[in-house]
Amino acid sequence: MNMTTLTAATTKTAQTKKSSIEARIDAKDEKDEPRELRVKPIKNGTVIDHIAGGQALNVLKILGISGTTDATVSVVMNVESSKLGKKDIVKVEDRELLEDEVNKIALIAPAASINIIRDYMVIDKHIVDLPNEIVGVVRCQNPNCISNTTEPIKSRMLVKAKNPVLLRCIFCEQPLTDRIAEYLI
């Protein structure tokens, strides 16, 4: 067999395989059955539910989870929710959150619930809650605020509203409502 014959035979085989795969996909599409993608339950870890739609990536940032982590993480974004309209869900295996992490999550997802999972069972469920004052967690967005200088002062924010979150700097009274995740320390 010469090289031309071999190339033509390989191309024909590839086209046949492609055609049979396309036929199977088309056959599945013709059934019009809804396809459902499910996220596997976790044995141990934390499920953060009722995150405002589109905020899951900010939650991952708060948790220090990037694309290079060894942790098993499931993220579901913009799913229907009767409570929020659209919500995100984050599942992190073999990890329970620290209080500092929960407090930061509460700033960007004030309706979030934190579920602790052990042996596939929810053993504890918390609804996040913001305190009346937040110290050293969010920096003021005013670049001229004394809390953004070299002075040894921690940022201090008053929580004026919890959902949606409205913060006000104690030092300069600058409000902070949008893009809170960008100002987390």
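Below is a short write-up of the structure. No experiment lies behind these values; they were computed from the predicted model shown.

## Description of the overall build of the chain
So, step 1. Regarding its fold elements, the chain presents three helices and nine strands.
So, step 2. The N-to-C order of helical and strand elements in the chain reads α-β-α-β-β-α-β-β-β-β-β-β.
So, step 3. Burial analysis of the chain (185 residues in total) assigns 31% to the buried set.
So, step 4. Restricting to contacts in the chain with at least 6 residues of sequence separation, those with at least 24 account for 60%.
So, step 5. A total accessible area of about 12,200 Å² is found for the chain, and carbon and sulfur atoms account for 51% of it.

## Points about the pattern of salt bridges
So, step 1. Within this structure, the stated rule accounts for eight salt bridges.
So, step 2. Between Asp49 and Lys87 there is a salt bridge, with the nearest N and O atoms lying 3.0 Å from each other. Remark: Lys87 occurs in strand β3 (residues 85-93) and Asp49 occurs in strand β1 (residues 45-52); sequence separation between them is 38 residues.
So, step 3. Judged by relative accessible area, Asp49 falls into the buried class, the value being 15%.
So, step 4. Of the residues examined, Lys87 reaches a relative accessible area of 12% and is grouped as buried.

## Things to note about the state of the cysteines
So, step 1. What the rule picks out here adds up to zero disulfides.
So, step 2. The closest cysteine sulfur to the non-disulfide-bonded Cys169 is located on Cys145, 3.6 Å from its own sulfur.
So, step 3. Judged by its relative accessible area of 2%, Cys169 falls in the buried class.
So, step 4. Note on Cys172: no disulfide assigned, nearest cysteine sulfur contributed by Cys140 at a separation of 3.5 Å.

## Here's the deal with the sheet that holds strand β5 (residues 121-127)
So, step 1. Strand order in the open sheet formed by five strands is β2-β3-β1-β4-β5, with antiparallel pairing between adjacent strands. Strands at the two margins of the open sheet, each flanked by one partner only, are β2 (73-81) and β5. With strand direction ignored, the average angle separating the axes of adjacent strands in the sheet is 20°.
So, step 2. Strand direction decides the pairing type here: β1 and strand β4 (residues 113-118), joined by five bridges, are antiparallel. Its bridge partner being in β4, Gly45 is matched across the sheet by Ile117.

Reading the values: the criteria
- Residues numbered from 1 in each chain as written.
- Predicted model: local features only at pLDDT ≥ 70, side-chain atom pairs only at ≥ 80, totals over all residues.
- Heavy atoms only, no water.
- Helix = DSSP H or I, 4+ residues; strand = E, 2+ residues; numbered from the N terminus.
- Buried < 20%, exposed > 50% of the residue type's maximum accessible area, 1.4 Å probe, protein only.
- Contact = heavy atoms within 4.5 Å.
- Areas by Shrake-Rupley, 256 points an atom, 1.4 Å probe, with all protein chains shown as cover.
- Salt bridge = Lys/Arg side-chain N within 4 Å of Asp/Glu carboxyl O.
- Disulfide = S-S within 2.5 Å.
- Pairing = 2+ DSSP bridges.
- Axes fitted to C-alpha atoms, helices over the stretch in contact; angles between N-to-C directions.

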